Amino acid sequence: MKNPDWNKKNGGEHPDGGILKPGERIDELQRNNYRIIQDPGRFCFGMDAVLLSGFARVKEGERVLDLGTGTGIIPILLEAKTRASHLTGLEIQPDSADMAKRSVALNGLSDKIDIVQGDIREAAGIFPAASFDVVTCNPPYITDGHGLTNPEAPMAIARHEVKCTFADVAAAAAKLLVPGGGFFLVHRPFRLAEIIVTLSAMKLEPKRMRLVYPFADREPNMVLLEARRGGKSRLTVEKPLVVYRAPGVYTDEITDIYGY
């Protein structure tokens, strides 16, 4: 995905009406000519979010909630890739939520995507119970926030469980999904046992799993999971997803997911 630095080229002004704030840039998403506002000094979305948008299954007319949406990358990509009737992003950080709202407006998607500022731990009080067909999440991966210089820093919140735990995420998904609704997430393999136990305890039955490998001869560094609220016990493990066929060269499947 291209990263033109509009701040440097335009002195902080963008042709779309000065939508950027200091330090921000607009990146091309290679889907429907959509773009996204990001601040490299805070946090930029990574491959995990893009892979999750390719893994999630959203049927025509379904309602989608993205927990911890950051700058709104997953709702925007899912709007481009699916026929969801409506998408919502929940984000606790005010600045990130503001960027997400501006990205939604930049792409003319304000009637399709809502960005709500709020805490995942309070999601069940923000939205009605069983009000979404699909919930997605790219949660913080690291359990221990102890010793962080600034636990309130955007990157710390995005990577460490300082604002919510995986159990908090799963509990929110379980309450907000319709019966049979799908929960799609990306995480790290080293926490896989804990994740599956937590999902099962929340009556979110793991149904589909795919491991992501940087190279075919390396260990996996990501895992994509689908769980169903109230689903029966049966897990399908899909073929591995390999990112690079050579250093700096994506495999064909990754190229297709990105939309190049």
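Scope of this entry: the structure provided in the associated data block. These figures come from a predicted structure and were not determined experimentally.

1. As for the packing of aromatic side chains
- Under the definition given, this model contains 5 aromatic pairs.
- Residues phenylalanine 55 and phenylalanine 184 carry aromatic rings whose centres are separated by 6.2 Å and whose planes lie at 75° to one another, so their mutual orientation is edge-to-face. Residue phenylalanine 55 is located in helix α2 (residues 47-55), and its partner phenylalanine 184 is located in strand β7 (residues 177-187); the two are separated by 129 residues in the primary sequence. By the burial criterion, phenylalanine 55 is buried, and phenylalanine 184 matches it.

2. Let's talk about unusual backbone geometry
- Its identity as a non-glycine residue notwithstanding, alanine 130 has a phi of 50°, on the positive side.
- Inspection of the secondary structure puts alanine 130 in the loop between α5 (123-126) and β6 (132-137).

3. Some words on the pairing of strand β4 (residues 86-91)
- Among the 6 residues of β4, 5 are classified as buried, and the element is accordingly described as predominantly covered.
- With helix α3 (residues 73-81) bridging strand β3 (residues 63-67) and the parallel β4, this β-α-β connection has right-handed handedness.
- Remark: the β4/helix α4 (residues 94-106)/strand β5 (residues 113-117) crossover connection has right-handed handedness.

4. Quick notes on the nonpolar core
- Judged by nonpolar contacts, the single largest core of 39 residues is most densely connected at Leu29, Leu51, Ile73 and Ile254.
- At the level of secondary structure, the elements contributing two or more residues to this core comprise α2, α3, α4, β5, β7, β9 (222-229) and α9 (252-258).
- Setting aside its immediate chain neighbours within four residues, isoleucine 73 contacts Leu29, Ile36, Phe45 and Ala49.

The rules behind these values
- Position labels on residues start from 1 in each chain and follow its written sequence.
- Given that this is a predicted model, residues contribute local features only at a pLDDT of at least 70 and side-chain atom pairs are listed and counted only at 80 or more, while totals for whole chains, interfaces and linings are drawn from all residues.
- In computing side-chain properties, one takes all heavy atoms of the structure into account and sets aside hydrogens as well as water.
- Whether two aromatic rings pair depends on their centres lying within 6.5 Å, for rings of Phe, Tyr and Trp, where Trp uses its six-membered ring; planes under 30 degrees apart make the pair stacked, over 60 edge-to-face, and the rest tilted.
- We count a stretch as a helix when DSSP gives it H or I for four or more residues in a row; a strand needs E for two or more, and each element gets its number in order from the N terminus.
- Three labels apply to residues, based on accessible area from a 1.4 Å probe with only protein chains included: buried if under 20% of the type maximum, exposed if over 50%, partly exposed otherwise in between.
- Clockwise travel from the first strand over the helix to the second, with the strands pointing away from the viewer, marks a crossover as right-handed.
- Among buried residues, the Ala, Val, Leu, Ile, Met, Phe, Trp, Tyr and Cys ones that are joined through side-chain atoms within 4.5 Å form a nonpolar core.
- Here, two residues are considered to be in contact whenever any of their heavy atoms come within 4.5 Å of each other.

Remember, this is a structural readout, not a statement about activity or role.
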